[in-house]
Amino acid sequence: MTRSRTTSGMVSVCMASYRGEKYIAEQVTSILRQLDADDELVIVDDASPDATVDVVQAIGDPRIRIERNAVNQGYVRGFERAVGLARGEFVLLADQDDVWTSGRVDAMVTALADAKVVAGNYSVLGENGRIPARWPLTAEQSHRELANEFGILVGYRPYFGCAMGMRRDAVDDFLPVPAYFTESHDLWLAIVGNATRSIRHLPRVVVERRLHDANATPLRWRGIGQILRARIMIARGLIEARRRKRS
């Protein structure tokens, strides 16, 4: 299809897949219908033991580039590799089991005309666009970087990678993802966007998340030990992002 984007440039959608055979075809279809002929969908499969790769290859679309890890490395490293392989001016992140809402690509590409990182809201699939976050992302927060960083540290800013993207000039800030980020590549991207003072919040819903027991993002409350380790990881990330900005 031809989009009505106001900013020209190739779009790369980056996805990390693992055991995704059940839902990935629906998600890939929702993405491809928003891409132009010169755009791409880069999928890094993390050594799935099921038919995930076969399902994707059966779609038969030349815009799909799929790479397979020989051994399982985890979804953060999968996204890291996919972003590193991306060739586009605009790099959008996608989970394997969601559904993109109509107009997402246009809205995010437009937002990235004047920001390095973009983050939108999500709804739950089947709940008619209801935003479940208690404090959803708003446009006004885009220039409140210190408050956003505090929100990331405390845990109430709903930055989800499935609703995020970056411009080409943010890739060098994002990569490599610090080794201690064994989860939450999306929070690292949010930290990068806020540390560089170049993030844009979209109040609209850009993805419908499919919630199920196999989600990479846990649906249950975490133990205190896991929470503390995550907070330390984020604090280290805040320091690292500032170091990269200075250099």
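Scroll up for the structure.
Just so you know, these numbers come straight off a predicted model, no measurement behind them.

*Asks:* Go over the pattern of salt bridges with me, naming the residues and quoting the values.
*Replies:* Any two side chains of opposite charge can pair, given that their charged atoms come close. In this structure the tally under the stated criterion is 14 salt bridges. Between E40 and R65 there is a salt bridge whose closest N-O contact spans 2.8 Å. With a gap of 25 residues between them, E40 in strand β2 (residues 40–45) and R65 in strand β3 (residues 64–68) connect regions that are remote in the sequence. A relative accessible area of 1% places E40 in the buried class. Take R65: its relative accessible area is 22%, and that puts it in the partly exposed class. Across the pair R63 and D61 runs a salt bridge, and its minimum N-O distance is 2.8 Å. Both residues of the pair, R63 and D61, belong to the buried class.

*Asks:* Requested: an account of the packing of aromatic side chains, with residues and values cited.
*Replies:* Enumeration according to the criterion identifies five aromatic pairs in this entry. Considering the side-chain rings of F181 and W188, the 5.5 Å spacing of their centres and the 50° angle between planes classify their relative orientation as tilted. Three or more aromatic residues joined by ring pairs form one cluster here, namely W135, F150 and Y156. Here the basic side chain of R134 rests over the ring of W135, its NZ or CZ set 5.5 Å away from the ring centre. When the ring centre of Y122 is taken as reference, the NZ or CZ atom of R209 above it lies at 5.1 Å.

*Asks:* How would you sum up the sheet that holds strand β4 (residues 90–94)? Please name residues and give values.
*Replies:* With mixed pairing, eight strands are arranged side by side in an open sheet as β3-β2-β1-β4-β7-β6-β8-β5. Edge strands, defined here as strands with exactly one partner in the open sheet, are β3 and β5 (99–100). Judged from the five bridges that link them, β2 and β3 form a sheet pairing that is parallel. Paired with D45 across the two strands is R68, which belongs to β3. Packing of helix α4 (residues 104–111) onto the sheet brings it into contact with β1 (11–17), β4, β5, β6 (117–124), β7 (164–167) and β8 (199–209), and relative to β8 it is tilted by some 165°.

*Asks:* So what's going on with helix α7 (residues 185–195)? Which residues, and what values?
*Replies:* Side chains of residues three or four places apart in an α-helix project in the same direction, reflecting 3.6 residues per turn. By the criterion of burial, α7 is predominantly enclosed, with 11 of the 11 residues buried. H185, D186, L187, W188, L189, A190, I191, V192, G193, N194 and A195 are the residues of α7 that are buried. Trailing α7 by a residue or two, R197 shows a phi angle of about 55°, which is positive.

*Asks:* Break down the pairing of β8 for me, with residues and values.
*Replies:* Along β8, eight of the 11 residues are buried, which leaves the element largely enclosed by surrounding structure. Summarising the sheet, β6 and β8 pair through eight bridges and their orientation is parallel. Considered in β8, the bridge of A119 is made with H201.

*Asks:* Quick rundown of a nonpolar patch on the surface? Include the residues and the values.
*Replies:* Taken together, the side chains of I224, I227 and L228 present a nonpolar region at the surface, about 280 Å² in accessible area. With respect to the helices and strands, the residue I227 is situated in helix α8 (residues 224–246).

*Asks:* Go over helix α1 (residues 24–32) with me, naming the residues and quoting the values.
*Replies:* Considered for burial, the residues of α1 that qualify are I24, Q27, V28, S30, I31 and L32. Packed against the buried residues of α1 are β1, β2, α2 (52–59), β3, β4 and β5.

*Asks:* Mind laying out the environment of L32, listing which residues take part and the relevant values?
*Replies:* Mapped onto the secondary structure, L32 falls in helix α1. Along the primary structure L32 and W100 are separated by 68 residues, whereas in three dimensions their C-alpha atoms are 9.9 Å apart. Setting aside its immediate chain neighbours within four residues, L32 contacts L41, I59, D61, R63 and I64.

*Asks:* Explain the nonpolar core residue by residue, including any values.
*Replies:* Ranked by internal contacts, the top residues of the largest apolar core, which has 36 residues, are V83, Y159, M166, F174, W188 and I191. In terms of residue count, α7 provides more of this core than any other element does, seven residues in total. For W188, the residues in contact, after removing those within four places along its chain, are D173, F174, P176, V177, P178, F181, G237, E240, A241 and R244.

Thresholds applied
- Residues numbered from 1 in each chain as written.
- Predicted model: local features only at pLDDT ≥ 70, side-chain atom pairs only at ≥ 80, totals over all residues.
- Heavy atoms only, no water.
- Salt bridge = Lys/Arg side-chain N within 4 Å of Asp/Glu carboxyl O.
- Helix = DSSP H or I, 4+ residues; strand = E, 2+ residues; numbered from the N terminus.
- Buried < 20%, exposed > 50% of the residue type's maximum accessible area, 1.4 Å probe, protein only.
- Phe/Tyr/Trp six-rings, centres within 6.5 Å; stacked < 30°, edge-to-face > 60°.
- Lys NZ or Arg CZ within 6 Å of the ring centre and 35° of its normal.
- Pairing = 2+ DSSP bridges.
- Contact = heavy atoms within 4.5 Å.
- Axes fitted to C-alpha atoms, helices over the stretch in contact; angles between N-to-C directions.
- Patch = residues over 30% accessible without salt bridge, like charges linked within 9 Å, V, L, I, M, F, W, Y side chains within 5 Å.
- Areas by Shrake-Rupley, 256 points an atom, 1.4 Å probe, with all protein chains shown as cover.
- Core = buried A, V, L, I, M, F, W, Y, C linked by side-chain atoms within 4.5 Å.

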